[in-house]
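# Secondary and tertiary structure notes
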Amino acid sequence: MADFEPLFELKNQYRESCPVLLQSGALHREEPTASAEAEETETAEAALPAEQEEAVSPRTFLRLAFRNIDPRAVTSVYVDIHIFDKATNELAVVRDRRYLVPILGRDAVFGADEEIDVDDAAYSFSVAIKKVQFEGEDVFWNGSASLLFENLPEQAKIADVMEDEDLRAQYQRDFTEMAEDKEAAAQFVPQEYKDLWMCACGEVNHKDEEKCAACGAEYGPQHALFEDEEKLKENLEAYNKAEAEKAEAARIAAEKKAAEEKAAAEAAARKAAEEKAAAEEAARKKRLHRKIFLSISIPLAVLIAAFIVVLIVYIIPQNHYNDAAALLEAGKYDEAITAFTALDGYSDSAARITEAEYKKACDLLENEKFAEAIEAFTALGDYEDSKDRITEAEYRRAVKTFESGAYEDALNLLEPLKDYKDAAEKIETCHYELGMKALEADNLKSAAAHFKEVNGEQNKKMQAAFCDKGIAFYEKGDEEKALTYFEYVTDKDLLPKIDAAYYAQALKLVEDGEYDKATEIFAKLGEYEDCPTQLLRIHALKAEQYYNNADYENAIAEFKAAGDYGDAASRVTEATYRLGAQQLANGEVRKAYDTLYPIRSYDPAYMLLVSNSQFYIQIYDVGAGPNPLNEN
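The paragraphs below set out a description of the structure included in this document.

About the cut-offs
Residues numbered from 1 in each chain as written. Predicted model: local features only at pLDDT ≥ 70, side-chain atom pairs only at ≥ 80, totals over all residues. Heavy atoms only, no water. Pairing = 2+ DSSP bridges. Helix = DSSP H or I, 4+ residues; strand = E, 2+ residues; numbered from the N terminus. Axes fitted to C-alpha atoms, helices over the stretch in contact; angles between N-to-C directions. 1 Å grid on protein atoms, 1.4 Å probe; cavity = no way out; pocket = protein on both sides within 12 Å on 5 of 7 lines; lining within 4 Å. Points joined across faces, edges and corners; volume = space filled by probe spheres on them. Nonpolar A, V, L, I, M, F, W, Y, C, P; charged D, E, K, R; others polar. Salt bridge = Lys/Arg side-chain N within 4 Å of Asp/Glu carboxyl O. Buried < 20%, exposed > 50% of the residue type's maximum accessible area, 1.4 Å probe, protein only. Contact = heavy atoms within 4.5 Å. Phe/Tyr/Trp six-rings, centres within 6.5 Å; stacked < 30°, edge-to-face > 60°. Lys NZ or Arg CZ within 6 Å of the ring centre and 35° of its normal.

Turning to the sheet that holds strand β8 (residues 124–134), a few remarks are in order. Taking strand neighbours across the sheet as the criterion, the four strands line up as β5-β4-β8-β9 in an open arrangement whose pairing is antiparallel. Both outer strands of the open sheet, β5 (90–104) and β9 (140–142), are each paired with one neighbouring strand and no more. Taking each pair of neighbouring strands and ignoring which way they run, the sheet shows an average axis angle of 25°.

Moving on, we get to the layout of surface pockets. Roughly 1900 Å³ of volume is contained in the largest pocket. For the lining of the largest pocket, the secondary structure elements donating two or more residues are β4 (74–84), β5, β8, α10 (386–403), α12 (423–440) and α14 (456–475). The space that makes up the second largest pocket amounts to roughly 500 Å³. For the second largest pocket, the lining is made up of 22 residues, of which Leu100, Glu114, Gly405, Tyr407 and Lys437 are closest to its centre. Looking at the lining of the second largest pocket, the elements that each hand over two or more residues are β5, α11 (407–414) and α12. For the lining of the second largest pocket, the leading source of residues is β5, giving six residues. The residue makeup of the lining of the second largest pocket, split by class, is ten nonpolar, three polar and nine charged.

Enumeration over the complete set of coordinates arrives at 44 salt bridges. The shortest N-O distance in the salt bridge between Asp96 and Lys130 comes to 2.8 Å. Remark: Lys130 occurs in strand β8 and Asp96 occurs in strand β5; sequence separation between them is 34 residues. The structure contains a network of salt bridges with shared partners spanning Glu30, Arg59, Arg63, Glu115 and Asp117.

Bringing the side chain of Gln534 into the picture now. With respect to the secondary-structure elements, Gln534 resides in helix α18 (residues 531–548). On the basis of relative accessibility, which here comes to 8%, the residue Gln534 falls in the buried class. Those residues in contact with Gln534, other than ones at most four positions away along the chain, are Tyr503, Leu507 and Phe522.

Before going further, it helps to spend a moment on the sheet that holds strand β12 (residues 196–198). Within a sheet, neighbouring strands are paired by backbone hydrogen bonds and run either parallel or antiparallel to one another. Pairing is antiparallel in the open sheet, where three strands are placed in the order β11-β12-β13. This sheet does not close on itself; its edge strands, each paired only once, are β11 (191–193) and β13 (204–206). Recorded for the sheet is a direction-independent mean angle of 30° between the axes of neighbouring strands. The pairing of β11 with β12 spans three bridges and is antiparallel. Paired with Gln191 across the bridge in β12 is Met198.

The two faces of the sheet receive side chains in turn, since in a regular strand these alternate between them. Judged from the five bridges that link them, strand β1 (residues 8–14) and strand β2 (residues 20–30) form a sheet pairing that is antiparallel. The residue bridging Glu9 from the neighbouring strand is Ala26, located in β2. As defined by bridge partners, β1 adjoins strand β10 (residues 150–151) across two bridges and the pair is classed as antiparallel. Bridged to Gln13 within β10 is Asn151.

The subject of this paragraph is the packing of aromatic side chains. Enumeration over the complete set of coordinates arrives at 26 aromatic pairs. Measuring from ring centre to ring centre gives 6.3 Å for Phe466 and Tyr485, while their planes differ by 45°; the resulting arrangement is tilted. Of this pair, Phe466 sits in helix α14 while Tyr485 sits in helix α15 (residues 479–486), and the two are 19 residues apart along the sequence. With respect to burial, Phe466 and Tyr485 carry one shared label: buried. Relative to Tyr620, the ring of Tyr593 has its centre 6.1 Å away and its plane inclined at 75°; by these criteria the two rings are edge-to-face. Taken together, the residues Tyr593 in helix α21 (residues 589–596) and Tyr620 in helix α23 (residues 613–620) connect sequence positions 27 residues apart. Looking at Tyr593, the relative accessible area reads 3%, which means it is buried. Classification of Tyr620 as buried rests on a relative accessible area of 12%. By the ring-pair criterion, three or more aromatic residues cluster together here, those being Phe451, Phe466, Phe473, Tyr485 and Tyr488. The aromatic ring of Tyr597 is capped on one face by Arg600, whose charged end is 4.0 Å from the ring centroid.

Pasting the structure below:
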């Protein structure tokens, strides 16, 4: 992974109660290299004129690294990332970014190898924790989109706070006694921050952790001792006294040892003199014995020669064979192979060489050196169960790759072994994990391809992910893209969730005054929830809107369409009266009469009909219509 000078950085950020730290975050811009531009130029020159070549744009991206500070193992983390330009205007929000973790325990760092492309105008960013999932079904910690990380306070170094070098050294000694890890060093001032405490060794711990996760020291004693200078001085005095006593004891021991060494040297000198005299006497006797020996040694020469032949042909090879067998038994396979080879076919040494090579291959397999083991078993051909061992080695290599979270590589290794042990189940899990990762990256084509390979519970989980992704796009207003995700949702338990998203969107459209769009959605949902009632409500709201704008004809039509919703029925009469009054004011006397006469039982309409002179002149006096007064 290439390194770039960051445009903006965040380090050691935390939010209260969160089980992870944002250890680092950086915004980078990668400019195109000269070599890349040259290569593109060479490729394009054959087909396009130089003036048609396109400039290579820079690439801007984020890298985030998280550290688990919880004793539980993390499997995934969800965050929101807010991107800002130079003027701190928000450019974009990366919602629910998922960091899939291969089950990492306390203090494990993850995420640094993932890059998130952002707009080239990006200048800074902030991070909000959403959810942290731990190993184990339904075990997770929930945050929120507003839960932004904050800078952890920088721990002061003890050397900068405690000037007395002797007291610092004593604090270090006392801290080592408190810690379970005797190699731990006290470098920082122990302190508390919100729901955390920071150990003198530098480790960050939650307050509900009695001991430091790194060194095993408790916070209370180390903090109390740091604050108690008098206690430190008392401990230093006791230490110096003990050291002085040890030095005096060492001096006495050294003097005693010197005296003992002197006495030993004198005794050695006496012994050497005695041994020299004894040696001279022995030499004299040896000369005498030689004369006697020569007289009897010649007949023994023949016997000795015969013994040498037996020694060379039988005894020595057998001893070497036994030594080689011992090396094989001890697991020193390379040495055993060399020793058996040197026997040049003695006894069954050739067979023992093959045995040693087989055991070496088995040892390589057990030590997870899979490539070497496969090569070794392959060289053995049909010996014992070598072919079966090759398959087992390939399977174990695939499983280890699978457990590391490298699902793409694991899938390639597992495919040829799909009928071996539980390889088929792991293949399906690889497709599931890769499909979920593709969904996270909005790579629908890849996610759909992997989705076809999963079944059962994993199929349901992927459908739920397709459903959530589609709902997210729908809520952003991209219904066309949402539908491409909804195509993969067939689980009946999830369909109400999609309907609920449509229903919620329709309610929002109503609140925003987008009545026609809301009507289309409620009509499509049919009998879901109270959709029929919501359609009547929309007619009533539109009617009120027309009424307030003095468009009484449309108001009447909408109030009638609202049926028995609220007071819609009575509002028809009121709107009809308003329409008649409006027509009269506009000089449309005949229209006003035709509008008002059918509702003459409505008091305001009656009063207008019997009191306005225009009705008498143009209607009653000429016999164009009856006067309501004459009907009483």
